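So you can see what is in the structure, the chains are spelled out below.
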Amino acid sequence: MPDHNYFFNLIWQIADLLRGPYRPPQYERVMLPMTVLRRFDCVLAPTKAKVLAEYEKRKSGRLNDDALDRWLNRAAGQRFHNRSALDFEKLKGDPDNVDKHLVAYVKGFSANVRTIFDYFEFENEIERMREANILYLVVSRFCDVDLHPSGVPNEQMGLIFENLIRRFNELANETAGDHFTPREVIRLMVSILFIHDDELLAVPGTVRKLLDPACGTGGMLAEAQNYLRQHHAAARLFVYGQDYNKRAFATAASDMLMKQVDHNGSGDNVRFGDSFTDDKFAGETFDYLLANPPFGVDWKKQQKDIQQEHDKRGFAGRFGAGLPRVNDGSLLFLQHMVGKFEPVSPDQQKYGSRLAIVFSGSPLFTGGAGSGESDIRKWIIENDWLEAIIALPEQMFYNTGIGTYVWIVTNRKEPRRKGKIQLLDARQCYVPMRRSLGDKRRKIGEAEDGRDQIAEIVQLYGRFEDGETSKIFDNADFGYTRVTVERPLRLCYQMTAESRASLLEAFPLLAEDVEAIDNALGREPARNWNIVRARVENLLMSENHSGRPPSRSSFAVCLPGSMPTPRRCKKEAGRWAASPTLTCATSRTSPSRTTSTPISSARCDPTFPTPGWIAARTRWATRSTSTAISTNTRHPGRWRKSTPI
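We now turn to the structure provided with this report.

The rules behind these values
Residues numbered from 1 in each chain as written. Predicted model: local features only at pLDDT ≥ 70, side-chain atom pairs only at ≥ 80, totals over all residues. Heavy atoms only, no water. Salt bridge = Lys/Arg side-chain N within 4 Å of Asp/Glu carboxyl O. Helix = DSSP H or I, 4+ residues; strand = E, 2+ residues; numbered from the N terminus. Buried < 20%, exposed > 50% of the residue type's maximum accessible area, 1.4 Å probe, protein only. Pairing = 2+ DSSP bridges. Right-handed = clockwise from strand over helix to strand, strands pointing away. Phe/Tyr/Trp six-rings, centres within 6.5 Å; stacked < 30°, edge-to-face > 60°. Expected span 1.5 Å × (residues − 1).

## Let's talk about the pattern of salt bridges
Okay, so step 1: Enumeration according to the criterion identifies 33 salt bridges in this entry.
Okay, so step 2: With a shortest N-O distance of 2.9 Å, E373 and R325 are connected by a salt bridge. Remark: R325 occurs in the loop between α15 (303-313) and α16 (330-338) and E373 occurs in helix α18 (residues 372-382); sequence separation between them is 48 residues.
Okay, so step 3: Between R417 and E414 there is a salt bridge; the shortest N-O distance is 3.5 Å.
Okay, so step 4: The class for E414 is partly exposed, based on a relative accessible area of 23%.
Okay, so step 5: In this structure, a network of salt bridges that share partners links the residues R183, R187, E223, K443, E446 and D449.

Here is the structure:
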């Protein structure tokens with residue numbers, strides 16, 4: 001039986017017909033809805049005659065649309081039906097009117113499927129293909145692709161969607177966050193999500209709920225249900241999802257309709273809307289939560305609503321812990337999901353919630369103590385919700401090769417895990433792929449790869465022991481406080497041959513003063529500038545200095561890069577007075593070393609006065625430096641430079 005790659009290549013060849021009227025990034029506008037439509041057509045083919053007979057029998061009765069849909073769905077054996085007499089074979093029979101027939105065929109579906117094609121905006125594409133004279137060719141080629149479930153099981157169909165979406169994202173050059181989560185990553189997340197619930201899920205008739213607030217095309221939802229069927233057939237898992245991308249939502253909704261997923265009877269497992277500003281599951285709680293939110297995508301459009309909820313509702317809302325920087329909303333998804341935790345109350349059959357989410361390195365490392373990111377991490381850790389962080393191999397995702405991490409967050413830790421956080425290094429748990437898929441060159445090995453690395457990671461997680469790739473830390477080990485240490489500017493005086501020559505080159509008339517200072521203070525560094533300054537002033541004001549009349553003067557410090565340009569001096573009351581700050585040799589130092597800074601940037605001013613001495617009046621400036629140091633709150637004596645979590 002052909003695998004999903006065969007059907008993917010077959011469908012992708014049809015996309016060549018769109019070249020010209022469509023640019024490659026626009027192919028998905030046609031290929032996704034046509035693939036979904038062909039799949040629906042194949043799924044409904046065996047019961048088509050029965051549905052048409054039931055429709056003829058009941059269409060003139062008193063049943064409203066919803067009631068009629070339920071009767072016809074029952075006849076089709078699915079949660080949807082098509083009451084039109086057309087199908088793909090009949091669409092090929094009238095090339096001149098294929099556009100009208102195709103629109104009528106889509107409108108013949110039940111309301112839930114019509115809504116999906118409304119989000120695909122498929123009628124617009126039908127008209128565009130008709131104008132380009134390619135509609136009949138596309139319909140004819142899709143008619144030759146047999147997507148019947150007997151030949152293409154649901155799991156294979158999901159992989160076809162996955163490959164199509166990956167290729168479309170590559171053509172559109174989408175951001176790193178807009179990708180389909182690899183199946184082996186989902187299986188790892190789901191295995192760890194259910195790891196402690198074997199006893200609970202083994203009870204016959206158990207019903208659990210799972211939410212993915214950034215479900216994309218629904219891969220995580222389907223994989224979670226597959227896991228439960230294989231390991232806990234007696235339990236039922238209702239899966240729900242939400243996404244704000246119209247085509248992704250339409251693909252997920254159609255995939256959920258075709259697959260044998262459990263649902264609560266309403267049929268709206270997947271809902272359209274922005275999870276931040278239009279939460280379709282407001283007020284609901286869930287037993288499990290899964291997500292792979294977009295990496296590094298900003299939330300400027302939602303900023304006003306999110307900021308308002310943060311300010312007005314605080315912890316009564318979803319974003320009370322803090323707001324990350326606006327260019328990455330990953331931690332907003334984490335807060336949104338924690339806000340849907342089920343409380344722990346076994347007496348009321350409420351057993352808390354478990355959460356698994358994929359992040360890039362940004363939510364883990366970005367933001368110092370006191371920032372929005374740090375406050376969110378602090379909130380998670382102080383409530384003892386963070387159970388583990390798993391580092392995944394690089395080059396695991398289709399549209400990005402960056403390192404990724406799986407966070408496990410729960411409000412019902414095992415007793416042995418309370419107050420502890422486990423860090424797992426699974427970066428070397430991969431096998432090379434035989435053929436790269438975009439940026440994806442590696443995968444976590446499964447049984448068919450000769451080494452079940454997913455099982456190895458799950459076992460390492462379950463043992464909860466310190467080892468080479470598993471480390472156990474106390475919550476307090478991740479608590480840091482940022483302390484600002486201020487100190488005054490420290491200056492050091494030292495006359496060197498280079499600094500003396502540089503100064504005399506710029507101001508040759510100061511030779512006598514410089515000689516006197518050099519003889520009096522010597523060449524050794526002097527760290528107390530106040531003493532140096534006083535000695536220089538006394539020297540230049542001395543009656544005996546060069547036999548010249550006394551003068552009030554000072555010797556000023558000039559920090560590197562701040563040498564002013566000398567100005568014309570004026571004669572005041574029989575003596576020369578100048579206002580620039582001049583220096584011989586100064587430096588700014590730390591307690592551990594001295595750095596002399598010769599003045600080489602000074603320039604000689606031809607208008608400078610001729611006397612052999614100068615009174616340089618200085619403006620004494622005060623400055624301070626501040627150094628941010630992170631101190632470990634658990635061990636106050638230990639100082640570290642590290643980014644706090």
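## Topic: the pairing of strand β1 (residues 207-212)
Okay, so step 1: Pairing between β1 and strand β2 (residues 236-243): 6 bridges, direction parallel. The residue bridging L211 from the neighbouring strand is Y240, located in β2.
Okay, so step 2: Taken together, β1, helix α13 (residues 219-231) and β2 form a β-α-β motif whose crossover is right-handed.
Okay, so step 3: As defined by bridge partners, β1 adjoins strand β4 (residues 288-291) across 2 bridges and the pair is classed as parallel. For L210, the partnering residue across the bridge sits in β4 and is Y288.

## A word on the packing of aromatic side chains
Okay, so step 1: Tallying each qualifying case throughout the model produces 26 aromatic pairs.
Okay, so step 2: Their ring planes at 80 degrees and their centres at 6.1 Å tell us that F276 and F319 sit as a pair that is edge-to-face. Of this pair, F276 sits in the loop between β3 (270-272) and β4 while F319 sits in the loop between α15 and α16, and the two are 43 residues apart along the sequence. One exposure class covers both F276 and F319, and it is buried.
Okay, so step 3: A centroid spacing of 6.1 Å and a plane angle of 80 degrees characterise the contact between F365 and Y405, whose relative ring orientation is edge-to-face. Taken together, the residues F365 in helix α17 (residues 362-365) and Y405 in strand β9 (residues 404-410) connect sequence positions 40 residues apart.
Okay, so step 4: Residue Y405 is classed as buried on the basis of its relative accessible area of 18%.

## What about α13?
Okay, so step 1: Taking 1.5 Å of rise per residue, the 13 residues of α13 would be expected to cover 18 Å, and the 19 Å separating its terminal C-alpha atoms lies within 8% of that figure.
Okay, so step 2: Where α13 is concerned, the buried positions are G219, M220, L221, A222, E223, A224, Q225, Y227 and L228.

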